[in-house]
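# Commentary on secondary and tertiary structure
The chain contents come next:
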Amino acid sequence: MVKKFHLTLNVNGEQKELLIDPRRSLLDVLRNDLELRGAHRGCDSGDCGACTVILNGKAITSCMTLAADCDGDSVITVEGITPADGLHPVQKSLVEDGGIQCGFCTTGMVMAAIALLDSIPHPTEEDVREGLAGNLCRCTGYKKIVEAVMNVERK
Ligand code: FES
Ligand code: FES
């Protein structure tokens with residue numbers, strides 16, 4: 001039997017203490033233990049970006065991250081950036097500029113865009129394309145998504 005790991009995690013500003021199997025992914029713990037289902041399980045292999053969350057200020061694929069490796073870390077999920085009475089500026093811009101995609105891929109794109117804008121407040125088109133390169137959607141050409149992210153700061 002695998003010895004349980006005592007995990008301390010700050011999630012969306014709240015301190016969480018959990019006893020977990022050390023082999024589990026951060027995505028699994030967020031969705032199943034903490035009931036934060038905004039990060040989605042798409043490929044479960046690091047390819048699609050649907051599970052993107054912000055770990056210590058950086059966008060990461062939570063399906064490829066062991067929860068135990070995040071002990072003492074800070075995680076922001078889409079639930080943590082969305083105000084109760086509205087939308088985050090990135091979400092708003094995606095809606096206004098027609099960049100909103102399906103519920104499955106959008107949350108990952110939002111989190112990747114927020115992490116990008118935190119490090120590059122005025123990104124070029126190339127910066128945005130690079131920042132969202134890990135977030136796949138086969139239903140779009142990405143043009144409106146990229147424009148929406150570039151427009152966040154101008155609104
Ligand atoms: S579910 Fe994590 S990258 Fe696809
Ligand atoms: S995967 Fe979400 S719109 Fe294509």
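Everything discussed here concerns the structure shown above.
Residues numbered from 1 in each chain as written. Chains lettered and ligands numbered in written order. Predicted model: local features only at pLDDT ≥ 70, side-chain atom pairs only at ≥ 80, totals over all residues. Heavy atoms only, no water.

Attention now moves to unusual backbone geometry. One non-glycine residue, Glu35, lies in positive phi territory at about 55°. Glu35 sits in the exposed class, given a relative accessible area of 57%. Phi is positive for Tyr142, which is not a glycine, with a value near 75°. Assignment of secondary structure puts Tyr142 in the loop between helix H5 (125–131) and helix H6 (143–151). For Tyr142, a relative accessible area of 17% corresponds to the buried category. (Buried < 20%, exposed > 50% of the residue type's maximum accessible area, 1.4 Å probe, protein only. Helix = DSSP H or I, 4+ residues; strand = E, 2+ residues; numbered from the N terminus.)

A word on the sheet that holds strand E4 (residues 58–61). Strand pairing in a sheet relies on backbone hydrogen bonds. The paired strands run either parallel or antiparallel. Spatial ordering of the open sheet is given by E2-E1-E5-E3-E4, a layout of five strands whose pairing is mixed. Pairing within the sheet leaves two strands with one partner each, and these edge strands are strand E2 (14–20) and E4. Geometrically, the sheet is characterised by an average inter-axis angle of 40° between neighbouring strands, direction not taken into account. With two bridges connecting them, strand E3 (residues 52–55) and strand E5 (residues 74–76) associate as antiparallel partners. The residue bridging Ile54 from the neighbouring strand is Ile76, located in E5. Docked against the sheet, helix H4 (residues 103–119) engages E3, E4 and E5, running at close to 30° with respect to E3. (Pairing = 2+ DSSP bridges. Axes fitted to C-alpha atoms, helices over the stretch in contact; angles between N-to-C directions. Contact = heavy atoms within 4.5 Å.)

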